[in-house]
Amino acid sequence: MDVPNLFGLERSGLEAFFVERGAPRFHGSQAYRWMYARRVLDPRLWTDLSKALRETLASEARVDRGTIVGRAEAADGTVKYRIDLPGGGTVESVFMLQRERVTMCISSQVGCALACDFCLTGKMGLKRHLTPGEIVGQVTLLQDDRDLGDTPFNLVFMGMGEPLHNYDGVLGAFRILTDPEGLGMSRRRITVSTSGLVPEIERLSREPARPRLAVSLNATTDAVRERLMPVNKRWPIATLLAACRAWAKTTGEPFTLEYVLLEGVNDTDADVARLEKLLRANPAKLNLIPFNAVPGWLEYKPPSRERIVAIRDRLLAKDLRVSIRWSRGADARAACGQLAILGERP
Ligand code: SAH
Ligand code: SF4
């Protein structure tokens, strides 16, 4: 018989689990701390619970955060993980180390429904949403695999999937990640990247606590953006940017714009001029992401290195905040847009 999985439950869910079995409610908080703060996953080691209760847990519940089934290390030290999920299916998560700074890039869905033309995950279609436990699980698996201990790290929802399409899963995970009795992360270290789901951006801005926001702009005209990102038909650039400005106003916090550079598609002088105007009207930081190729699957090319630098310098010269996110881990196919579990690997 399939026993319930405790990993990913919030305090109230854990409390209910104990109460249903005739045990006191406060054991929920204890189990919560063992799983998320101490990362001890065997209930037999939860020493502040009675021996009998621990035995009951060991037979009537499981604590499953997923399993690492593959590691691919790139020359720059980036490591791409494949993780089998407790609920079935596989995702990829990426560990990055840059001058002592650790960043994890994690997945929120198996596949993605948004079908952006330049993204390998988009070619998979959406298989399903991840649960909070499957999201937090990726984080603690990487923490333990890299022996991070209590080293602080940044978390970006830039792996597989559109995080705001799986709003409840991501928010549930966010609460466990930021709870002082959970992983205790600062919410400022967590960034959600979205292709631009306007109603969810608005909803997130009204949450009592929320992650940082990054929005994938990727084009300066609706005609081009629509071609690259079908979501633009629903929420075109002007609507999206209005939602971003509203975010800044409601939350008092800035947002970031991301821009994947595609040669001949969105990197022209006219694009740069429009970007300049757009950034003046929308005080955001711009991250330029050179396109990461997946030959045979994605039909685009990144601009030359000189062109990428020239675009940045032109915007910098106008006093705009812009930086280039040189891809990391591309030789392990661990860079942005290269994550996918395809039936047949390209
Ligand atoms: N679904 C979310 C988060 C995951 S994608 C989103 O779209 O924002 C994270 C980032 O990778 C996005 O900015 C996306 O535009 C970018 N990206 C997708 N495919 C890429 C590729 N092949 N090369 C470079 N960046 C890519
Ligand atoms: Fe989905 Fe983001 Fe890829 Fe678009 S870029 S298909 S939204 S993961």
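If you're wondering where the values come from, they're calculated on a predicted model, not measured in any experiment.

The rules behind these values
- Residues numbered from 1 in each chain as written.
- Chains lettered and ligands numbered in written order.
- Predicted model: local features only at pLDDT ≥ 70, side-chain atom pairs only at ≥ 80, totals over all residues.
- Heavy atoms only, no water.
- Near = heavy atom within 4 Å.
- Polar contact = N/O pair within 3.5 Å; in protein donor to acceptor, adjacent residues only side chain to side chain.
- Areas by Shrake-Rupley, 256 points an atom, 1.4 Å probe, with all protein chains shown as cover.
- 1 Å grid on protein atoms, 1.4 Å probe; cavity = no way out; pocket = protein on both sides within 12 Å on 5 of 7 lines; lining within 4 Å.
- Sits in = over half its atoms within 2 Å of the grid points.
- Helix = DSSP H or I, 4+ residues; strand = E, 2+ residues; numbered from the N terminus.
- Pairing = 2+ DSSP bridges.
- Axes fitted to C-alpha atoms, helices over the stretch in contact; angles between N-to-C directions.
- Buried < 20%, exposed > 50% of the residue type's maximum accessible area, 1.4 Å probe, protein only.
- Parallel < 35°, antiparallel > 145°, perpendicular 65-115°, else oblique.
- Left-handed = near helix turned anticlockwise from the far one by under 90°.
- Contact = heavy atoms within 4.5 Å.
- Nonpolar A, V, L, I, M, F, W, Y, C, P; charged D, E, K, R; others polar.

1. Description of the site of ligand 1
With respect to spatial proximity, 22 residues lie near ligand 1, and among them Phe-118, Gly-161, Ser-193, Ser-216 and Asn-292 are the closest. A distance of 3.0 Å separates a nitrogen atom of ligand 1 from a polar atom in the backbone of Gly-161. A distance of 2.9 Å is found between a nitrogen atom of ligand 1 and a backbone nitrogen or oxygen belonging to Asn-292. Taken by itself ligand 1 offers 530 Å² of open surface, and the protein chains cover 96% of this. Using a 2 Å cut-off from the grid points, one finds that ligand 1 occupies the largest cavity. For the shell around ligand 1, the secondary-structure elements that each account for two or more residues are β8 (190-194), β10 (255-261) and β11 (285-290).

2. Examining the sheet that holds β11
The sheet built from ten strands is open, its strands ordered β1-β2-β3-β4-β7-β8-β9-β10-β11-β12 with mixed pairing. In this open sheet, the two edge strands, each paired with only one partner strand, are β1 (67-73) and β12 (322-324). With strand direction ignored, the average angle separating the axes of adjacent strands in the sheet is 25 degrees. Judged from the six bridges that link them, strand β2 (residues 79-84) and strand β3 (residues 90-98) form a sheet pairing that is antiparallel.

3. Thoughts on the pairing of strand β7 (residues 154-157)
Burial along β7 is two-sided: the residues Asn-154 and Val-156 and Leu-155 and Phe-157 are all buried. Pairing geometry for strand β4 (residues 101-105) and β7, over three bridges, is parallel. What sits directly across from Cys-105, in β7, is Val-156.

4. Considerations on the packing of helix α1 (residues 11-20) against helix α2 (residues 27-37)
How two helices pack is summed up by the angle between their axes together with the distance between the axes. In contact at an axis separation of 7 Å, α1 and α2 are set at 125 degrees when each is read in the N-to-C sense. The orientation of α1 relative to α2 falls into the category oblique. Between α1 and α2 lies a crossing of right-handed hand. Along the contact surface, α1 presents Arg-11, Leu-14, Glu-15 and Phe-18, while α2 presents His-27, Gly-28, Ser-29, Ala-31, Tyr-32 and Met-35. Here the residues of the contact of α1 with α2 sort into five nonpolar, three polar and two charged.

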